[in-house]
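# Understanding the architecture of this molecule
Take a look at the letters that make up each chain.
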Amino acid sequence: MKAFGFLSFGHYGFSGYEAREMLQQAVQLSVGADKIGVNGAYFRVHHFAKQAASPMPLLSAIAARTDNIEVGTGVVDMRYENPLYLAEEAAALDLLSDGRVALGVSRGSPEPALRGWEAFGYTGSADPRGADIARPKFERFMDAVRGVPVADADPAQFGPGQKLRIEPHAPGLDRRIWWGAGSRDTAEWAAAQGVNLMSSTLLTEATGQAFGDLQAEQIDRYRTAWKAAGHDWTPRVSVSRSVFPLMNAQDQMYFGLRSGDSADQVGVIDGFRSTFGKTYAAEPDVLIEQLRDDAAVMSSDTLMLAIPAQLGVEYNLHVLRSFAEHVAPALGWKPNTDGPVQGDPVG
């Protein structure tokens, strides 16, 4: 592990504040995290729910008020997106932030709306989960990000046979795109596409292995597939965990009961028997040993800490500062002032 960031689910409406406060607090938290040296500010994207939805205005506001922290998503649901417009937005954000984008995308998770992407105008899916429209959109999005011409030029302006790419174009942005993978097969697919791996907060597999071991196998298979694909750069890999250093009575009140008895969980999501990771809550020296024993955490270059955003800015900065000062250095962490995070060598 070289880097860590926070992953916010952006809830509002049930914790004493509404959407305006949630968004403003997200910016405040990111500004504070940047000063601590946290490497990334990442946000879940959901539709038809009282959570963060359209991420680009929020990420742009954060980028404008910070210096080093990555701004990104975990993840944008491609079923709901116009891939070319998303490519325009992502390029503009990357240029404004001086290359600090870490944009996670995927097919998306279950949403409150039944086939909600159709309300956005994206029809034609024969798959009840919409996977058959998400991946083609992703491929078109990546073509646009990479500067591949995607539209015929007006021959009256450019002459016959000319093509146009999406503008603006952000060189290198394609190396800052991540696919959120919930299985070993999708991780291998992401490697073939030449994008970074954002391993999901759950895996749609249940083999009896510990979540960390199952996820570490997913990462190994991703890196093997990456090497086989022959890409000429080193990708990054992230995993997400709930981690709470117990530093005072308030921490004990919120999370002390989870200390020592938390375990992986198995359930059904989207019709798949799935494995969910446990919550880590302990004193710093115990957390260090627990996380060192988590094979996926130590196999990744970036750890995303899922935070309880409804507890407010001050408390979450306390959690991030406690992790930065008392846990992360022992795991190999380098603060954001050391420069952009680099992936681990493949093969």
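The next thing to look at is the packing of aromatic side chains. All told, the structure shown has 16 aromatic pairs when counted by the stated rule. With centroids separated by 4.9 Å and ring planes inclined at 75 degrees, the aromatic side chains of Phe4 and Phe323 adopt a geometry described as edge-to-face. Linking Phe4 in strand 1 (residues 3-8) with Phe323 in helix 11 (residues 313-326), this pair joins segments that are 319 residues apart in sequence. Exposure class is identical for Phe4 and Phe323. Each is buried. Ring geometry for Phe138 against Trp189: centres 5.6 Å apart, planes inclined by 50 degrees, an arrangement best described as tilted. In this pair, Phe138 is assigned in helix 4 (residues 131-145) and Trp189 in helix 6 (residues 184-193), connecting sequence segments 51 residues apart. Like Phe138, the residue Trp189 is buried in the burial classification. One aromatic cluster in this structure is built from Phe48, Tyr80, Trp117 and Phe120.

Glancing now at the pattern of salt bridges. Applying the stated criterion to the full structure yields 17 salt bridges. In this structure, Arg165 engages Glu167 in a salt bridge whose closest nitrogen and oxygen atoms are separated by 2.9 Å. We note a salt bridge from Asp344 to Arg223, for which the minimum N-O separation is 3.7 Å. Linking Asp344 in the segment after helix 12 (328-331) with Arg223 in helix 7 (residues 211-229), this pair joins segments that are 121 residues apart in sequence. Across the pair, exposure class does not vary: Asp344 and Arg223 are buried alike. Here the salt bridges share partners, and the residues they tie into one network are Arg184, Asp185, Glu188, Glu217 and Arg221.

This part is about unusual backbone geometry. A cis geometry characterises the amide bond from Gly74 onward to Val75, with omega recorded as 10 degrees. Mapping Val75 onto the fold places it in strand 3 (residues 70-77). The residue after Glu167, namely Pro168, is reached through a cis peptide bond having omega 0 degrees. The residue Pro168 is located in the loop between strand 6 (163-164) and strand 7 (177-181) in this model. At Asp98, a residue that is not glycine, the phi angle is positive and equals roughly 60 degrees. Inspection of the secondary structure assignment puts Asp98 in the loop between helix 3 (83-96) and strand 4 (101-106). When its relative accessible area of 71% is taken as the criterion, Asp98 is described as exposed.

Before going further, it helps to examine the environment of Gly13. Within the fold, Gly13 resides in the loop between strand 1 and helix 1 (19-36). Taking the C-alpha atoms as reference points, Gly13 and Gln51, separated by 38 residues in sequence, lie 8.7 Å from one another.

Take the pairing of strand 4 next. Strand 4 sits mainly inside the fold: six of its six residues count as buried. Residues Val101, Leu103 and Val105 of strand 4 are buried on one face, and the alternating residues Ala102, Gly104 and Ser106, pointing to the opposite face, are buried as well. As defined by bridge partners, strand 3 adjoins strand 4 across five bridges and the pair is classed as parallel. Its bridge partner lying in strand 4, Thr73 is registered against Leu103. When strand 4 meets strand 7, the two strands line up parallel, connected through three bridges. Looking at strand 7, one finds that Val105 is bridged to Trp179.

Before going further, it helps to spend a moment on the packing of helix 1 against helix 2 (residues 55-65). The geometry of helix 1 relative to helix 2 is characterised by a closest axis approach of 9 Å and an angle of 35 degrees between their N-to-C directions. The chirality of how helix 1 crosses helix 2 is right-handed. Contact residues: Leu23, Ala26, Val27, Ser30 and Val31 in helix 1; Leu58, Ala61, Ile62 and Arg65 in helix 2. In terms of residue class, the contact of helix 1 with helix 2 is built from seven nonpolar, one polar and one charged.

Turning our eyes to something else, we now look at the packing of helix 4 against helix 6. At a minimum axis separation of 12 Å, helix 4 and helix 6 run at an interaxial angle of 25 degrees. Here helix 4 is positioned roughly parallel relative to helix 6, judged by the angle of their axes. Along this stretch, helix 4 crosses helix 6, giving a crossing that reads as right-handed. Residues Arg135, Phe138 and Glu139 of helix 4 lie in contact with helix 6, whose contacting residues are Thr186, Trp189 and Gln193. When grouped by side-chain class, the residues that make up the contact of helix 4 with helix 6 number two nonpolar, two polar and two charged.

The rules behind each value
- Residues numbered from 1 in each chain as written.
- Predicted model: local features only at pLDDT ≥ 70, side-chain atom pairs only at ≥ 80, totals over all residues.
- Heavy atoms only, no water.
- Phe/Tyr/Trp six-rings, centres within 6.5 Å; stacked < 30°, edge-to-face > 60°.
- Helix = DSSP H or I, 4+ residues; strand = E, 2+ residues; numbered from the N terminus.
- Buried < 20%, exposed > 50% of the residue type's maximum accessible area, 1.4 Å probe, protein only.
- Salt bridge = Lys/Arg side-chain N within 4 Å of Asp/Glu carboxyl O.
- Pairing = 2+ DSSP bridges.
- Axes fitted to C-alpha atoms, helices over the stretch in contact; angles between N-to-C directions.
- Left-handed = near helix turned anticlockwise from the far one by under 90°.
- Contact = heavy atoms within 4.5 Å.
- Nonpolar A, V, L, I, M, F, W, Y, C, P; charged D, E, K, R; others polar.
- Parallel < 35°, antiparallel > 145°, perpendicular 65-115°, else oblique.

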